[in-house]
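# Notes for the structure review
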Amino acid sequence: MKNYFIKSLFVLTSLVMCFSCTSDNEETAENNDGYTTITFNVSPMRITQESTRATLSETFSMLELALYTVNADGSYTKYKEVDQTSSSSSFGVVTLENIKCGNYRLLALGHKSAAHPDIDDPTDVAFVDFPVVYWYSNIVEVTKSTTALDVTLDQAVARIRFVLTGYIPDEVKKLQLTLEGASNNFDAITGFAKSTTTRVAVLDITDEKRASQTIAANVHFFLTKSVLTTEDSYVNVTIAGLDADGNQVDPKTYNKVPLKIGAVTYFNGSFFNYGSTGMNITVDATWEDYETVHV
């Protein structure tokens, strides 16, 4: 009886040890099979396959790429993130290792900001300035066979191009541009502005500008929808000269300025020439042609 008990105990112990070993092996195999390494090849929409990395860095100088898990309430938790600058030899090629297989929200931002933005919350990405931005956002499925993904970034901002010509009065020392409805907060899930604000930019009138009688400047910002027409635009632009004491000289306001993501709205004309008939506002989007407004 005693020998039978010992033999039974030995068999039971052996079965437990075998079960434990099998469980550990299965878990290890599952973990190994459930992770992969992915290389993301990033390029903006207008760059062809023949273009060089130098062309890529001319388009934007900083890159953010991240994967997020989607929570039950629809919010996002950042899973992996990499940022690059154009000085990197691998700029535009991002490799993420040990990615667990599953579905993720992929976000990529190429931009010319002065600093990398905080992208913990992809629905509210705040830039320190108003840069040119390209973006991509989509749900991606990561499997064991996923090794590389091509990521094509599209334009995320609208541009206003000011080309003001003609005589500049001696009293005018600066040019002030006030834009109501501008935004540098981006919802990178929808591709639209998170919020709007008023932006004020001030340009010095240099001797070169005064001699050439030309003041040129670009401004960029996100829109709350793809296209703003002269009927529904919420963007108003005020142009004014500033004297040495900061007083406005001959301010002019243009309401409901038409804008389009990926397009350029031109303000062309002789601003301080009091005998001129006005200024042309043209939208070009080849950024593609959009419309012309005479004011």
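Quick caveat: nothing in here was measured; it's all calculated off a predicted structure. (Residues numbered from 1 in each chain as written. Predicted model: local features only at pLDDT ≥ 70, side-chain atom pairs only at ≥ 80, totals over all residues. Heavy atoms only, no water.)

When its secondary structure is counted, the protein chain shows three helices and 21 strands. Sorting the 295 residues of the protein chain into buried and exposed places 42% on the buried side. Expressed as a percentage of contacts within the protein chain between residues at least 6 apart in sequence, the contacts between residues at least 24 apart total 66%. For the protein chain, the accessible surface area stands at approximately 15400 Å², while carbon and sulfur atoms represent 50% of it. (Helix = DSSP H or I, 4+ residues; strand = E, 2+ residues; numbered from the N terminus. Buried < 20%, exposed > 50% of the residue type's maximum accessible area, 1.4 Å probe, protein only. Contact = heavy atoms within 4.5 Å. Areas by Shrake-Rupley, 256 points an atom, 1.4 Å probe, with all protein chains shown as cover.)

Residues Thr36, Ile38, Phe40, Val42 and Pro44 line the buried face of strand β1 (residues 35-44), whereas the alternating positions Tyr35, Thr37, Thr39, Asn41 and Ser43 sit on a face that is not buried. Strand direction decides the pairing type here: β1 and strand β4 (residues 93-100), joined by six bridges, are antiparallel. If you follow phenylalanine 40 over to β4, its bridge partner there is valine 94. (Pairing = 2+ DSSP bridges.)

Strand order across the open sheet formed by four strands is β13-β10-β16-β17, with antiparallel pairing between neighbours. Every other strand in the sheet has two partners, leaving β13 (197-204) and β17 (248-254) as the edge strands with one partner each. For this sheet, the mean inter-axis angle between neighbouring strands, taken without regard to orientation, is 15 degrees. (Axes fitted to C-alpha atoms, helices over the stretch in contact; angles between N-to-C directions.)

With that settled, consider unusual backbone geometry. Phi is positive for glutamine 213, which is not a glycine, with a value near 55 degrees. Mapped onto the fold, glutamine 213 is located in the loop between α3 (207-212) and β14 (214-221). A positive phi angle is found at lysine 256, which is not glycine, with a value near 50 degrees. Mapped onto the elements of the fold, lysine 256 is located in the loop between β17 and β18 (259-260). The class for lysine 256 is partly exposed, based on a relative accessible area of 37%.

As a further point, take the environment of proline 131. Considering the arrangement of structural elements, one finds proline 131 in the loop between β6 (125-126) and β7 (133-142). Between the C-alpha atom of proline 131 and that of asparagine 184, which follows or precedes it by 53 residues, the distance is 7.9 Å. Setting aside its immediate chain neighbours within four residues, proline 131 contacts Lys112, Ser113, Val157 and His220.

Quick look at the pattern of salt bridges now. Under the criterion given, the structure shown has five salt bridges. When the shortest N-O distance is used, the salt bridge between lysine 78 and aspartate 120 registers 2.5 Å. Here lysine 78, found in strand β3 (residues 76-85), pairs with aspartate 120, found in the loop between β5 (102-111) and β6; they are 42 residues apart in sequence, far enough to count as distant. Residue aspartate 120 is classed as partly exposed on the basis of its relative accessible area, which comes to 43%. (Salt bridge = Lys/Arg side-chain N within 4 Å of Asp/Glu carboxyl O.)

Generally speaking, soluble globular proteins have nonpolar side chains that are buried together. If you look at the biggest cluster of nonpolar residues, it comprises 30 residues, and the most contacted ones within it are Ile160, Leu175, Phe221, Val237, Ile239 and Leu259. Looking at this core, the elements that each hand over two or more residues are β9 (158-165), β10 (174-182), β14, β16 (236-242) and β17. When residues no more than four places from it in sequence are discounted, the contact partners of isoleucine 160 are Leu179, Ala217, Asn218, Val219, Phe221, Val237, Leu259, Thr265 and Phe267. Phe40, Val132, Val140 and Leu153 belong to the second-largest nonpolar core, a separate cluster that totals 21 residues. (Core = buried A, V, L, I, M, F, W, Y, C linked by side-chain atoms within 4.5 Å.)

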